[in-house]
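Fold and geometry: a report
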Amino acid sequence: MKILVPVKRVIDYNVKVRVKSDGSGVDLANVKMSMNPFDEISVEQAIRLKEAGIATEVVVVSVGEKKAQEILRTALAMGADRAILVEADTGDDIEPLTVAKILAKVVADEAPELVIAGKQAIDNDMNATGQMLAALLGWGQATFASQVDVADGKASVTREVDGGLQTVSVKLPAVITTDLRLNEPRYASLPNIMKAKKKPLEEKTAADYGVDLSPRLKVLATEEPAGRAAGIVVGSVDELMGKLKEQGLV
Amino acid sequence: MAVLLLAEMAGGALALDATAKAVTAAAKLGDVTALVCGPKSAAEIAATIEGVSKVLVCEDAAVAHGLAENVTRLILDQAQGFTHIVAPAGNSGRNILPRVAALLDAMVMTDVTEVIAPDTFKRPIYAGNAIQTVQSLDPVKVLSIRTTGFDAAGTGAAAPVETVALSAVSDLSAHVEDKVVSSDRPELTSAKVVVSGGRGIGSEENFALVSSLADKLGAAVGASRAAVDSGFASNDLQVGQTGKVVAPDLYIAVGISGAIQHLAGMKDSKVIVAINKDVDAPIFQVADYGLVADLFDAVPALTEAV
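Everything quoted here is computed from the prediction, not taken from an experiment. (Residues numbered from 1 in each chain as written. Chains lettered and ligands numbered in written order. Predicted model: local features only at pLDDT ≥ 70, side-chain atom pairs only at ≥ 80, totals over all residues. Heavy atoms only, no water.)

Overview of the pattern of salt bridges
All names here are of chain A. Rules: The rule for a salt bridge is simple: a side-chain nitrogen of Lys or Arg has to be within 4 Å of a carboxyl oxygen of Asp or Glu. Secondary structure is summarised from DSSP: a helix means a run of H or I of at least four residues, a strand means a run of E of at least two, and numbering begins at the N terminus for each. Buried, partly exposed and exposed residues are distinguished by accessible area as a fraction of the type maximum, computed with a 1.4 Å probe on protein chains only: under 20%, between the cut-offs, and over 50%, respectively.
Tallied over the entire structure, the rule returns 33 salt bridges over all chains. Here Glu87 ties to Lys66 by a salt bridge, and the two come within 3.9 Å at their closest N and O atoms. Of the two residues, Glu87 is situated in strand E5 (residues 82-87) and Lys66 in the loop between strand E4 (57-64) and helix H2 (69-78); the sequence distance between them amounts to 21 residues. Glu87 gets classed as partly exposed once you look at its relative accessible area, which sits at 26%. In this structure, Glu202 engages Lys204 in a salt bridge whose closest nitrogen and oxygen atoms are separated by 3.9 Å. Among the residues examined, Glu202 registers a relative accessible area of 35% and is labelled partly exposed. Salt bridges here are not isolated pairs; linked through shared partners, they connect Lys2, Glu57, Arg82 and Glu110.

Written as structure tokens, this is what we have:
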């Protein structure tokens, strides 16, 4: 069984994001970039399925700028077998619908039985690509997975839902999106980082797939969120209670 | 303009608060028709929400558990004539709406916090560190509503209820089971008061300190990702960028350092109280009242004082 894992290069989750003063977006110049944390979890899950003898090949794919090669190499160093870079430089963030359309074409070429994607990218926080891909392929979907068991042409997936957990069984091929508690991604070891440099990385462009990159959402402005007024430090529990009572909160 | 609003369900019943808040947002876009996947009793409650002009109800077992493939089919069955397809941005809406949007060849807009115009919306990006205003160029707009940004519409209306059928049942996925945590406490995203615990709590047993204070205040219990990852609290209590977003009147953060990802889920609370022994903890930068103290002294004392 082949597994396809889409990965995205995003601002590192530890970086404090700053909005550009002209409102044209966020400042990404000289900022540390990394693999989207949910995508690391997806890569890890795919590798574990391979280690368990369920998957035979793990292919990682990134749609975006050329620099996404870095995170593809990271995924290869973690244990993915090969990588595909689809260059689609829109000069800005690329929309999940566009990514899903390109991924659908990659799926048509690669014929994986399972796509494991992160539930959301921590830049646009849209939480949409996996579901959109499943829709375009006419496949089933199991989103926000915290446990995945694959057997007999099906995946049994425990999903994180609002009130607790839900288990669904989805026929393969299918799209699974991963949540935080699914696993803890491994670090790539130095020998594996070296080996990853020799693993195949195929370069394609969005034009190869004939997908229109025009965005459907026009970004009119990007601004700082409203700030909070400075608070005060209280000296004791009694003083705190006094303040809360004053405001009728307790 | 006409809006098809997918009502939020919880354990087979209508999640009235989330649905009524989404109705407030949807009513700014046009005439609202609510779609209920569940029993008629839930549809009858949805029909009382002011601003809802009609309720469609589907009692088919295939949509009862919110399976994305079947609910998407149902929405598309009914989508004719609607300019907007909307749902509250809970995990159900997050699961279903992108699938609907892709099949309509539209780009979904998730977690909308403000309606500027019928085609223009504000939504947070980068864990709420930036707010983007986007204009949709798609003929049909598909969007989820972050309910903390809107007041709940009142009840007292009596809209007509019409039964609808699902045109085809998909066999792509099947529901196996729900493990829903039942609690007498208020629901996290709609509670007036939330008490949350973080890594500083130290253990699952100690989390009782948070629960006791919450119970005394009639509050919901929340947790930071660190507390959930450490096994102190269950995942459905997680507040943050990838968990639940809350905006209660009072949010008490206990032993929470205040990582950006946590702040993303609670910084719109009206009053924030932080109790932490680390004076440099970032949580104090968003707190209205900060108490620098050992939580193991301060929380029992506060519980006593309430």
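On we go.
Re empty space enclosed by the protein
Residue and element names in this part refer to chain A. Under the convention used in this document: Here a cavity is any set of points on a 1 Å grid over the protein atoms alone where a 1.4 Å probe fits but cannot get out, and a pocket is any open set with protein on both sides within 12 Å along at least 5 of 7 lines; a residue lines the site when it has an atom within 4 Å of a point. Grid points are joined across faces, edges and corners, and a volume is the space filled by probe spheres set on the points. Asp, Glu, Lys and Arg are counted as charged, while Ala, Val, Leu, Ile, Met, Phe, Trp, Tyr, Cys and Pro are counted as nonpolar; the rest, among them Gly, fall into the polar class.
A complete count under the given rule lists 4 cavities of 30 Å³ or more for this structure. Empty space within the largest cavity amounts to approximately 310 Å³. In terms of lining residues, the largest cavity is bounded by 24 residues, among which Lys8, Asp39, Val99, Ala121 and Thr129 are the most central. Mapped onto the lining of the largest cavity, the elements with two or more residues apiece are E4, helix H3 (96-110), strand E6 (114-118) and helix H4 (129-137). When the residues that make up the lining of the largest cavity are grouped by side-chain class, the tally is 12 nonpolar, 9 polar and 3 charged.

Points about the nonpolar core
The condition is simple: We call a set of buried residues a nonpolar core when its members are Ala, Val, Leu, Ile, Met, Phe, Trp, Tyr or Cys and they connect through side-chain atoms within 4.5 Å of each other. Here, two residues are considered to be in contact whenever any of their heavy atoms come within 4.5 Å of each other.
One finds Ile102(A), Met132(A) and Ile75(B) to be the most contacted residues of the largest nonpolar core, which totals 89 residues. Examining the composition of this core, we find that 8 residues originate from one element, H3(A), more than from any other. Setting aside residues up to four positions removed in sequence, Ile75(B) forms contacts with Leu4(B), Leu6(B), Leu35(B), Ile85(B), Ile96(B) and Val100(B). Core analysis: the next-biggest nonpolar cluster, separate from the first, contains 45 residues, Val10(A), Met35(A), Phe38(A) and Leu76(A) among them.

Thoughts on unusual backbone geometry
Note: most peptide bonds trans; most residues except glycine with negative phi. The linkage connecting Leu172(A) with the following residue, Pro173(A), adopts the cis geometry, with an omega of 0 degrees. With respect to the helices, strands and loops of the structure, Pro173(A) is situated in the loop between strand E9 (164-171) and strand E10 (174-178). A positive phi is found at Ala127(B), a non-glycine position, where the angle reads about 55 degrees. Considering the arrangement of structural elements, one finds Ala127(B) in the loop between strand E9 (120-125) and strand E10 (130-136). Judged by relative accessible area, which is 8%, Ala127(B) ranks as buried.

Describing the domain arrangement of chain B
All names here are of chain B. Heads up, the rule is: Note that the domain bounds were set by an automatic or database domain assignment. The quantity reported as buried area is the accessible area (1.4 Å probe) lost by two parts once they are put together, taken as the sum for both. Throughout this description, a polar contact denotes any pair of N or O atoms lying within 3.5 Å of each other; where both atoms belong to protein, one of them has to be capable of donating a hydrogen while the other can accept it, and for residues adjacent in sequence the pair is counted only when both atoms sit in side chains.
Split into domains, chain B comes out as domain 1 (2-163) and domain 2 (188-305). Taken over C-alpha atoms, the centre of domain 1 sits 30 Å from the centre of domain 2. Every contact between the two is made by 9 residues of domain 1 and, on the other side, 10 residues of domain 2. When domain 1 packs against domain 2, the two sides together hide about 720 Å² of surface, and 51% of this comes from carbon and sulfur. Its largest share of buried area at the contact with domain 2, domain 1 owes to Ala127, Arg146 and Thr148, together 59% of the area lost on that side. Taken together, the connections running from domain 1 to domain 2 amount to 0 salt bridges. Across the contact surface, domain 1 and domain 2 share 1 residue pair in polar contact (both at pLDDT 80 or more). Of the residues assigned to the side of domain 1 that touches domain 2, the class counts are 2 nonpolar, 3 polar and 4 charged.

Focus: the sheet that holds strand E7 (residues 109-112) of chain B
Residue and element names in this part refer to chain B. The condition is simple: We call two strands paired when DSSP finds no fewer than two bridges between them. Geometry is summarised by axes, namely lines fitted to C-alpha atoms with helices restricted to the contacting stretch, and by angles between N-to-C directions that run from 0 to 180 degrees.
Taken in spatial order, the 7 strands line up as E7-E11-E6-E1-E4-E5-E12 in an open sheet, and their pairing is parallel. Whereas interior strands pair on both sides, the edge strands pair on one side only; in this sheet they are E7 and strand E12 (161-163). When the angles between neighbouring strand axes are averaged without regard to direction, this sheet yields 25 degrees. Most of the contacts of helix H5 (residues 91-103) go to strand E6 (residues 84-88), to which it runs at about 165 degrees, and overall it touches strand E1 (2-6), E6, E7 and strand E11 (141-145).

Digging into the interface of chain B and chain A
Many analyses report the size of an interface as the accessible area lost when the parts associate. Contacts between chain B and chain A engage 83 residues on the former and 74 residues on the latter. Area buried by chain B at its contact with chain A is led by Met107(B), Tyr126(B) and Tyr289(B), which between them contribute 12% of it. At the junction of chain B with chain A, the criterion picks out 7 salt bridges. The shortest N-O distance in the salt bridge between Asp229(B) and Arg181(A) comes to 3.5 Å. The element that contributes the greatest number of residues to the side of chain B that touches chain A is H5(B), accounting for 9 residues. Looking at the side of chain B that touches chain A, its residues break down into 40 nonpolar, 22 polar and 21 charged.

Describing the packing of helix H6 (residues 208-217) of chain B against helix H9 (residues 295-305) of chain B
Residues and elements named next belong to chain B. Rules: The cut-offs work like this: below 35 degrees is roughly parallel, past 145 is roughly antiparallel, 65 to 115 is roughly perpendicular, and the gaps in between are oblique. The handedness criterion is simple: a crossing whose near helix is rotated anticlockwise from the far helix by less than a right angle is left-handed, and one whose near helix is rotated clockwise is right-handed.
Between H6 and H9, the shortest axis-to-axis distance is 9 Å and the interhelical angle comes to 20 degrees. Considering the angle they form, H6 stands roughly parallel to H9. Along this stretch, H6 crosses H9, giving a crossing that reads as left-handed. Counting all contacts with H6, which are made through Leu209, Ser212, Leu213 and Lys216, the residues of H9 involved are Leu295, Phe296, Val299, Pro300, Leu302, Thr303 and Glu304. When the residues that make up the contact of H6 with H9 are grouped by side-chain class, the tally is 7 nonpolar, 2 polar and 2 charged.

Things to note about a nonpolar patch on the surface
Residue and element names in this part refer to chain A. Formally: Nonpolar side chains (Val, Leu, Ile, Met, Phe, Trp, Tyr) are joined into patches within 5 Å and like charges within 9 Å, using only residues with over 30% relative accessible area and no salt bridge. Only the protein chains shown count as cover for residues, and all accessible areas are computed by the Shrake-Rupley method using a 1.4 Å probe.
Nonpolar side chains collect at one region of the surface, where Leu190, Ile193 and Met194 lie side by side and expose about 290 Å² of accessible area between them. Along the chain, Leu190 falls in helix H5 (residues 190-196). With relative accessibility at 62%, the residue Leu190 sits in the exposed group.

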